[in-house]
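The residues making up each chain are set out below.
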Amino acid sequence: MRHNPGGRTMKALQWHGAGDVRLTEVDRPGLLPGTAIVKVAFCGVCGTDLHEYAHGPVMIRPGAHPLSGAAPPITLGHEFSGRVVEMNGEATGITVGTRVVADPCLRCGICRWCQRGDYHLCALGGSIGLAADGGLAPYVRVPLIELHPIPDGVSDEHAALAEPLAVGLHAATRAEVCPGDNVLVLGAGPIGLAALIGARASGAAAVFVSEPNADRAKVALAIGATDVFDPTSEDVRSEVFKRTGRIGPDAVIDGTGRPEAIALGLSSVRRGGRVAVAGISPSELSFDLRQLVLYERTLVGSLGYNFDIPRVLELMASGLIDASRLVTDIRPLSAGIATLEELSSPNQHIKVLLTPQET
């Protein structure tokens, strides 16, 4: 089933190299077997995009990606919502006109990890917006297997947050957050706030947050944090210890990737507790192994999401996840380069969405 989206060129925000992102006239993507063309409504600017802008290539390959064949320049953007305008193949619940979000993980489908259902760990994996052209353009080509319908009652704007929120829900799963647990979240940036929401959605009784930025601390409190502590002026470990019956949190989720934060989490979590690290950085971690072994604590990594995006959409539709406080600005795609520059420096934004459907 097909529908011609009109003219064959469009403006796209493309990464050419570190500090070199351009709003470029490019050909609109064409259909391939098993794919759809999505008309993008909103696309979030992610910390990964900022890392590529400032320091890339980080996750973008200099040459052609083995799954997509795409090589720089690459259109950025992997947090997007939109509507299917063309499709070549069939997908459950999706036809031309369906509102959708994408699970942007490219996967081979045949490696050990894909066969086990761990497609986010695919040996050849990548992401739309990093390994193939992404959603910072009016149209994007997406494998049908990666599309999920947006439930009625969930706006396109909020649906664009399903991908980053899935990071937080997956981190809560990796930390084995259970109903009634006490949880400590390190950092109240986009990942930390998503982890806070994910922990609450998993049934946590209390979620404490470590965050030095006063504005982000207010957002954390507004979306369900029990207490927020400034690690530059308060003893976070002691404060959480006192508030958990002098036991410590059952689980800790790191959204910073900062070694000192992870060390704080490891020393704070209760005996037998779990620490999940979702923040990504090139830093090396050094800590006292006795904190891990003598208290039989568990330290795990948490990468992206694995079947978590449809779970987020269901939780949004049921009212258990409210994304309304996370969007701090919506801008046209033409403001994309200036937005990348602004967000690469200290700022008060949580999530900025770009809309490529300019009039």
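Residues numbered from 1 in each chain as written. Predicted model: local features only at pLDDT ≥ 70, side-chain atom pairs only at ≥ 80, totals over all residues. Heavy atoms only, no water.

**Here we look at the packing of aromatic side chains**
Following the criterion strictly, the structure yields two aromatic pairs and no others. Taking the centre distance of 4.9 Å and the plane angle of 85° together, the rings of Y119 and F307 count as edge-to-face. In this pair, Y119 sits in the loop between α2 (112-115) and β8 (126-127) while F307 sits in the loop between β16 (298-301) and α10 (309-318), placing the two residues 188 residues apart along the sequence. By relative accessible area, Y119 is classed as buried at 5%. Ring centres of F208 and F229 lie 6.4 Å apart, and the angle between their planes is 25°; this geometry places the pair in the stacked category. Linking F208 in strand β12 (residues 206-210) with F229 in strand β13 (residues 227-229), this pair joins segments that are 21 residues apart in sequence. By the burial criterion, F208 is buried, and F229 matches it. Above the face of the F241 ring, R237 is positioned so that its terminal group lies 6.0 Å from the ring centre. (Phe/Tyr/Trp six-rings, centres within 6.5 Å; stacked < 30°, edge-to-face > 60°. Helix = DSSP H or I, 4+ residues; strand = E, 2+ residues; numbered from the N terminus. Buried < 20%, exposed > 50% of the residue type's maximum accessible area, 1.4 Å probe, protein only. Lys NZ or Arg CZ within 6 Å of the ring centre and 35° of its normal.)

**Quick notes on the nonpolar core**
Core analysis: the largest hydrophobic core is formed by 57 residues, its most contacted members being L165, V183, L193 and M316. For this core, the secondary structure elements donating two or more residues are β3 (35-44), α4 (162-174), β11 (182-186), α5 (190-201), β12, α6 (214-222), β14 (251-254) and α10. Element by element, the count of residues in this core is highest for α4, at seven residues. Excluding its chain neighbours within four sequence positions, the residues that come into contact with M316 are V154, H158, L161, A162, L165, I321 and A323. With 35 residues, the next largest nonpolar core counts I74, V100, L136 and L144 among its residues. (Core = buried A, V, L, I, M, F, W, Y, C linked by side-chain atoms within 4.5 Å. Contact = heavy atoms within 4.5 Å.)

**A short note on the sheet that holds strand β4 (residues 74-75)**
A sheet is described by the order of its strands in space; here three strands give the open sequence β2-β1-β4, paired in antiparallel fashion. What marks the edges here is a single partner per strand, and that holds for β2 (20-27) and β4. As defined by bridge partners, strand β1 (residues 9-17) adjoins β4 across two bridges and the pair is classed as antiparallel. Each bridged residue has a counterpart across the sheet, and for W15 the counterpart in β4 is I74. (Pairing = 2+ DSSP bridges.)

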